[in-house]
Amino acid sequence: MLKSIIVQRNFKGYMEAPLSYSTIEDLQLLSWDNAPKYCVQLSFPGGTVLLQAANSYLRDQWFHSIQWKKKIYKYRKVLNNPSRWDVVLKEIRALVDMALTSPLQDESIHQAPLHIISTLLAENTNLSAQDHENIIVAIAPLLENNHPPPDLCEFFCKHCRERPRSMVVIEVFTPVVQRILKHNMDFGKCPRLRLFTQEYILALNELNAGMEVVKKFIHSMHGPTGQCPHPRVLPNLVAVCLAAIYSCYEEFINSRDNSPSLKEIRNGCQQQSERKPPMPLRLLRPEPPTPPPTTTLSPPPALPLSPPPSIVNSSEILVELERNNNTTNTLRKAPAEGVSEPNLIDCLLVSPALNALSIQLPAHADRVLGCFALILKMLSDYDDWRPALASLLQPIPFPKEELKYVIQRFAEDPRQEVHSCLLSVRSGKDGWFQLYSPGGVACDDDGELFASMVHILMGSCYKTKKFLLSLAENKLGPCMLLALRGNQTMVEILCLMLEYNIIENKDTQLQIISTLESTQVGLRMYEQLCDRQRELKELQRKGGPTRLTLPSKSTDADLARLLSSGSFGNLENLSLAFTNVTSACAEQLIKLPSLKQLNLWSTQFGDAGLRLLSEHLACLQVLNLCETPVTDAGLLSLSSMKSLCSLNMNSTKLTADTYEDLKAKLPNLKEVDVRYTEAW
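Residues numbered from 1 in each chain as written. Predicted model: local features only at pLDDT ≥ 70, side-chain atom pairs only at ≥ 80, totals over all residues. Heavy atoms only, no water.

**Considerations on the overall build of the protein chain**
Helix and strand counts for the protein chain stand at 28 helices and eleven strands. Here the protein chain holds 680 residues, and 51% of them are scored as buried. Considering only contacts within the protein chain whose residues lie at least 6 apart along the sequence, 67% involve residues at least 24 apart. Split by element, the accessible area of the protein chain, about 32400 Å² in all, is 50% carbon and sulfur. (Helix = DSSP H or I, 4+ residues; strand = E, 2+ residues; numbered from the N terminus. Buried < 20%, exposed > 50% of the residue type's maximum accessible area, 1.4 Å probe, protein only. Contact = heavy atoms within 4.5 Å. Areas by Shrake-Rupley, 256 points an atom, 1.4 Å probe, with all protein chains shown as cover.)

Okay, here's the thing in structure tokens:
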């Protein structure tokens, strides 16, 4: 409606009512040679109106604006009720041509036609594939300098999903996506731009060349030089990749917390009652409790408690969870106390209570995950993008080899601004450094990448002692395990801990010394250290440790190597909890004459090892067999261990008869745990 413009004086005064654009029959420019008057003449049924402007520029702006509004009204009316699609396509081309040739400079000049076409497509969903392509080709010139509106993005997404091999994807969508990545400032204001970019990349991946086409597209976004000229490309690409990765788990996450999905948000959020009930988890193995940190002074509790294995069937997803070694036993609660089941969103956000994640995704989700993980790998190959990429990537442990390659590139980069991002961003939040440590959520290489990260961080860290203190507090177990297996970087770390007096506990110091002496490289470096600090040699001569905790994930070979490296005649307390030892390690355990407390919690120690212990370790007083595969056949042999005063058989295959027999034959047995067994 003509409201603000046509409030001009005429010969009879002001207009009392506005004029509709649809009633204007003719529009002309008027000027007089003898007088500086600049007018626009509007003809409508019943008369004419003259609009007088102050100058020719303002008059021309009025003229083109009214003309534009009149034509837009006409096209909106024609395209609102289409009858023949050949006529509609012709009108769309004329509409686009009008927008491109208009002398007006305003964002709405190009956006208004796009919104009209978006409405047309939304109200006519039964179009053929050829009609789709014809419309996309017709509006392509408008998209060269404009982002598509949200509804049009949804239409483009649908075309990418249904016809990924269409030439429209390459010829029309490529410049549109390039513009989005170069000029978009915030995907949060228009998330469908991000969805369209994501679907476009997946469509490229469906072509015959697959990821080669995607790789060429990424290279085109960076440019041929060593420095990308477009600073917004990298953060936009990372946002698209992380959103796509999250979408792989979105269906499961939404089913767990009953929150609306992106699809529901697009179509209008469903009512709570219409959604599926929460989907259960299936734990591939029971979630084991955790031992105390290796640096604690007090021995582990003699009779730790453990809940029963929590296994719930689900045909849609399998999740494996394990506890981190740093979680204390006090965090464990029995089911009666209301332990909540872990959910996937905790896994994706890297909860410190989780240290292993294995998720089985549907085939389509796995292809999406692989595609965007590989894009992150490509981004890390550009030197100018790597610093910003390191700061943008959050530690999300999705299980793909491409991500490991990215972290390796960060570790190898000589710039401190890159590899400093391997550490935690803030206290209490695990970084890549923690996730790839042995036993960490992403570690699948026995700690090789972790050792590489430690090496580069030690070489550049300006606060070496502070870094060593953090290792001693949180990652001493993994460091000792890798040093026990001959890793030179970890051997150097342990030597520095001794040299800088990082470790105050004498038993832990002795365990470190024994670890160093178990390998040739460690022994050589330890002897060189003793030449500089003779008090270390004196410490060892006083005898071996009285308490020893083997790092998580240690094996029978690791235990044998450690026990053969030094004197352990004074060892009274040995914890092998949550290691990978089996009954084969009993051959080493029976060589410890002073052993009084043995913790085998959640190991594979079985009946054969139990029988051997009962024959040689008569002085054993405390034994923890919680969550081990022992049966009555091995437990009956414990009747000869008359010194036992504390015995934990929680979650074993103990029967009631065997329990009664043990109580009768072990007179000193005062504390016993038989929960979640037949004797309970």
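From this point, the narrative continues.
**Looking at helix α12 (residues 363–380)**
With 18 residues, α12 extends 26 Å between its outermost C-alpha atoms, agreeing within 8% with the 26 Å of an ideal straight helix rising 1.5 Å per residue. In terms of burial, α12 is largely enclosed, as 13 of its 18 residues are buried. (Expected span 1.5 Å × (residues − 1).)

**Considerations on the pattern of salt bridges**
If charged atoms from side chains of opposite charge come close, those side chains can pair. Overall, the coordinates contain 17 salt bridges when judged by the stated rule. Across the pair R415 and D413 runs a salt bridge whose closest N-O atoms are separated by 2.9 Å. Salt-bridge contacts for D558 lead to R485; the nearest nitrogen and oxygen are separated by 2.8 Å. In this pair, D558 sits in helix α24 (residues 556–563) while R485 sits in the loop between α19 (476–484) and α20 (488–499), placing the two residues 73 residues apart along the sequence. Classification of D558 as buried rests on a relative accessible area of 2%. A single network of salt bridges, built from pairs that share partners, joins D383, R386, D413 and R415. (Salt bridge = Lys/Arg side-chain N within 4 Å of Asp/Glu carboxyl O.)

**A short note on the sheet that holds strand β1 (residues 26–31)**
Strand order in this open sheet of three strands is β1-β2-β3, and the pairing throughout is antiparallel. Only two strands of the sheet have a single neighbouring strand rather than two, namely β1 and β3 (47–53). Averaged over neighbouring strand pairs, the angle between their axes works out to 25° when direction is ignored. Examined bridge by bridge, strand β2 (residues 38–44) and β3 share seven bridges and lie antiparallel to one another. Within the sheet, the bridge partner assigned to V40 lies in β3 and is L51. Sheet strands in contact with helix α1 (residues 56–80) are β1, β2 and β3, and its direction is about 175° off that of β1. (Pairing = 2+ DSSP bridges. Axes fitted to C-alpha atoms, helices over the stretch in contact; angles between N-to-C directions.)

**Here we look at the environment of N505**
Among the structural elements, N505 can be located in the loop between α20 and α21 (506–517). For N505, a relative accessible area of 15% gives the class buried.

**Describing the sheet that holds strand β11 (residues 671–673)**
Strand order in the open sheet formed by six strands is β6-β7-β8-β9-β10-β11, and the pairing between neighbours is parallel. The open sheet has two free edges, formed respectively by β6 (547–549) and β11, since each of these has just one partner strand. The average angle at which neighbouring strand axes cross in this sheet is 5°, direction not considered. In terms of strand pairing, β6 meets strand β7 (residues 573–575) through three bridges, oriented parallel. Paired with R547 across the strands is N573, a residue of β7.

**A short note on α24**
For α24, every residue scored as buried is listed here: D558, L559, L562 and L563. Projection of α24 onto a plane perpendicular to its axis shows the buried side chains occupying an angular sector of 120°, all on one side. (Arc of directions from axis to C-beta.)

**A look at the environment of C479**
Note on placement: C479 falls in helix α19. Overall, C479 belongs to the buried group, its relative accessible area being 0%. Expressed as a C-alpha distance, the spacing of C479 and V491, which sit twelve residues apart in the sequence, is 8.1 Å. Non-local contacts of C479, meaning those with residues more than four positions away in its chain, are made with F450, L471, M490, I493 and L494.

**Regarding the confidence of the model for the protein chain**
When pLDDT is averaged across the protein chain, the result is 80; 79% of the residues are at 70 or more. Low pLDDT, under 50, characterises residues 1–12; the stretch is placed with 26 contacts to residues that sit more than four places away or in other chains. In the predicted structure, residues 268–357 sits below a pLDDT of 50 and forms 206 contacts with residues beyond four places in sequence or in another chain. (pLDDT = per-residue confidence, 0-100.)

**Examining the packing of aromatic side chains**
According to the stated counting rule, one finds eleven aromatic pairs in the structure shown. Summarising the aromatic geometry, the rings of Y200 and F217 are spaced 5.3 Å apart at their centres and angled 65° between planes, so their arrangement reads as edge-to-face. A residue pair is termed long-range when its members are at least 10 positions apart, and Y200 in helix α7 (residues 191–205) and F217 in helix α8 (residues 211–222) qualify at 17 residues. Residue classification places Y200 among the buried positions, given a relative accessible area of 1%. Centroid distance F433 to F450: 5.1 Å. Interplanar angle 35°. Geometry classified as tilted. (Phe/Tyr/Trp six-rings, centres within 6.5 Å; stacked < 30°, edge-to-face > 60°.)

**As for the pairing of β2**
Looking along a regular strand, one sees the side chains alternate between the two faces of the sheet. Taking burial as the measure, the seven residues of β2 include five buried ones, the bulk of the element. Note that β1 and β2 share six bridges and pair antiparallel. The partner of Q28 across the bridge, within β2, is Q41.

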